[in-house]
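Summary of structural features
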Amino acid sequence: MKTICMEVLKVLEDTLVPNIEKIISAGEKSEGNTPPEALVFYLKMAGDYYRYLSEIVVKEGYDKKAEEKYKKGTGLAEEHLLATHPIRLGLALNFSVCYYEILKNPQAACDMAKKAFDAAISKLDTLDEASYKDSTLIMQLLRDNLTLWTSSAEKETEETTNATETEMAAEQ
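Summary of the structure given here. Small disclaimer: the values here were computed from a predicted structure and weren't measured.

Overview of helix α3 (residues 62–80)
Given a rise of 1.5 Å per residue, 19 residues ought to cover 27 Å, and the 27 Å separating the end C-alpha atoms of α3 matches this to within 8%. For α3, the full list of buried residues reads Tyr62, Ala66, Glu67, Lys69, Tyr70, Gly73, Thr74, Leu76 and Ala77. Buried-residue contacts for α3 involve α1 (2–26), α2 (35–56) and α4 (86–102).

The structure is reproduced here in structure tokens:
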């Protein structure tokens, strides 16, 4: 698994990302996807593969590399892609999972997922049917994660409160 991830990352970081960055800096146009859209996609992929690596190889800094790629992609996505764009939503979904599962920052995970969901929901009425389906599918996953994460946080708070009350009663 590590070898495969490293091979994919090599292609992304040595070829795809630099080539798209050159196209963007030169102001060139490409067929199909816009260069910023492609760059966001490649940065999301790099973040994903660093996240996978951080799950199997600990203490090598892959978690921070994932965060770095996701942050860069998020900045570009917010600047160049609509809030309902599936690549932007997918990036927010994966980055929020990284915050929650890898970086152990549930608040940042919830904030990111909620921000992406809220930004997209207000624009849904502007989408055609195909785009609507793509966007709402990812939005449902964001909402599912938010529900799961907030219920877990509430349960932990309740358990902490109960433990504190038990300790206080035992002291009296």
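The structure having been displayed, the exposition proceeds.
Things to note about the nonpolar core
Counting residues in each nonpolar core, the largest one holds 46 residues, and the members touching the most others are Val40, Cys98, Tyr99 and Trp149. Among the secondary structure elements, those contributing two or more residues to this core are α1, α2, α3, α4, α5 (106–121) and α6 (129–171). Setting aside residues no more than four positions away along its own chain, Tyr99 makes contact with Glu67, Lys71, Lys104, Asn105, Pro106, Ala108, Ala109 and Met112.

Side note on α4
If you check α4, its first and last C-alpha atoms are 23 Å apart, about what 17 residues at 1.5 Å a residue would give, namely 24 Å. Counting buried positions along α4 yields 15 of 17 residues, so the element is predominantly enclosed. Positive phi shows up at Lys104, right after α4, with a value of about 55°.

So, how was this worked out
Residues numbered from 1 in each chain as written. Predicted model: local features only at pLDDT ≥ 70, side-chain atom pairs only at ≥ 80, totals over all residues. Heavy atoms only, no water. Helix = DSSP H or I, 4+ residues; strand = E, 2+ residues; numbered from the N terminus. Expected span 1.5 Å × (residues − 1). Buried < 20%, exposed > 50% of the residue type's maximum accessible area, 1.4 Å probe, protein only. Contact = heavy atoms within 4.5 Å. Core = buried A, V, L, I, M, F, W, Y, C linked by side-chain atoms within 4.5 Å.

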